[in-house]
Amino acid sequence: MITEIDFDRIPRSALPGLLARAPKAELHIHIEGSLEPELIFALAARNGVALPYDSVEALRAAYAFTDLQSFLDIYYAGASVLLHEQDFYDMAWAYFEKAARDHVVHAELFFDPQTHTARGVAIGTVIEGLSRACVDAQARLGVSGALILCFLRHLSEEDALATLDEALPYRAHFIGVGLDSSERDHPPSKFARVFARCGELGLHRVAHAGEEGPPAYIEEALDLLKVERIDHGVRAIESPALMQRLARERMPLTVCPLSNVKLCVVANLAEHPLPQLLAAGLAVTVNSDDPAYFGGYLNQNLQELFDAQPNCGARELYQLARNSLEASFASSQCQAAWVSALDTQFRQAAAAPAALTRSD
Ligand code: ADE
Ligand code: ZN
């Protein structure tokens, strides 16, 4: 018989070590948002791209955002240094090295092809570079990676349909599609046809909704786009009926705490609604969104959230890690193996809490 994990025996002091070592999945990272300023400058020099900033420090100093759009303007400018297959590889490889250190066992990377094709970069260049990094991450780091192609919602549905057609020769290299960029005034309904087509193609479907947009956008993403996960979704907290539906359907919400603070979606981490969403039975996961811009990768998001939320303890940490593994699009065999490793860690922590120290 499988014994229950006695979470109450795990002291708060054990959380940093547990958090660092627990197997986790990253389900919401825009790979272009992992471009650190140092890599932006290195790629700009390699490719002869002029940047409107004199130094790494000047670029970092510009990372003071007031809302989503103020961030997106800088984020798209940063991506302008990506031209060649090797650039996309280097960006994704740098991310995978950090993910491995965070004990991320599986990462589903969003990428924005239209940001690159609009500058004359072939979609194959983007996908082949990222895909090669995924193959190497599995072989050299033991991290499994998968790609999710995102449509930019500030552009038209025709543009999204054309992008899908361009990507189809590389269908084997991506597992699904998403919807990102400026949410306000760009409801999910605008993309109903392209998402229906993606469904016919057997692609997984996810969408950003309820980050800055209203709860009705979350409902549209569910009803019209037939998504399997909601990215962000924190504004669900404003609608009790929607909260009940999300809990009933065990619809995963890929929440990004540091992002929400940096983009002024919430005032600070102490006021973040994640604990309420979790307590209401929603399948919440913690993710990093655009870690190079928002101050941290997955473990940093978890650590800062737990530091700010005294009611989040070992039970919540276990639930978040488990949700991330089970909400992934990895095979059920992989999920079961990771959950079993997670269970072992928490069971050992409950049996010998004093043995735990913080370490990577
Ligand atoms: N693209 C990159 N980060 C994003 C975010 N947080 N919301 C919407 N689109 C994005
Ligand atoms: Zn995002």
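Worth saying up front: this structure is predicted, and the values here are computed from it rather than measured.

Draft legend 1. Structural context of the overall build of the protein. Tallying secondary structure elements over the protein gives 17 helices and eight strands in all. In terms of overall dimensions, the protein is globule-like: its C-alpha atoms have a radius of gyration of 20 Å, near the 21 Å expected for 360 residues. Along the first, second and third principal axes, the C-alpha atoms of the protein reach 55 × 45 × 40 Å. Looking at the protein residue by residue over its 360 residues, the buried ones come to 57%. Contacts in the protein between residues far apart in sequence, at least 24 positions, make up 77% of those at least 6 positions apart. Just so you have it, the protein exposes about 13,900 Å², and 53% of that area is on carbon and sulfur atoms. Of the charged side chains in the protein, 29 are positive and 47 negative; the average position of the first set lies 5 Å away from that of the second.

Draft legend 2. Fine view of the pairing of strand β1 (residues 24–30). In terms of burial, β1 is largely enclosed, as seven of its seven residues are buried. Examined bridge by bridge, β1 and strand β2 (residues 104–111) share five bridges and lie parallel to one another. For Lys-24, the partnering residue across the bridge sits in β2 and is Val-104.

Draft legend 3. The pairing of strand β5 (residues 204–209), seen in detail. Counting buried residues in β5 gives five out of six residues, a clear majority hidden from the surface. Relative to β5, strand β4 (residues 176–180) runs parallel, the two sharing two bridges. When the sheet's bridge partners are listed, Val-177 is paired in β5 with Arg-205. Handedness of the β4-helix α9 (residues 192–200)-β5 crossover: right-handed. Two strands pair when backbone bridges link them, and β5 and strand β6 (residues 229–232) are joined in this way by four bridges, in the parallel orientation. Paired with Val-206 across the strands is Arg-229, a residue of β6. Note that the unit made of β5, helix α10 (residues 215–223) and β6 has a crossover that is right-handed.

Reading the values: rules and limits
Residues numbered from 1 in each chain as written. Chains lettered and ligands numbered in written order. Predicted model: local features only at pLDDT ≥ 70, side-chain atom pairs only at ≥ 80, totals over all residues. Heavy atoms only, no water. Helix = DSSP H or I, 4+ residues; strand = E, 2+ residues; numbered from the N terminus. Rg over C-alpha atoms; globule rule 2.2 N^0.38 Å. Buried < 20%, exposed > 50% of the residue type's maximum accessible area, 1.4 Å probe, protein only. Contact = heavy atoms within 4.5 Å. Areas by Shrake-Rupley, 256 points an atom, 1.4 Å probe, with all protein chains shown as cover. Lys, Arg positive; Asp, Glu negative; His and termini not counted. Charge placed at Lys NZ, Arg CZ, Asp CG, Glu CD. Pairing = 2+ DSSP bridges. Right-handed = clockwise from strand over helix to strand, strands pointing away.

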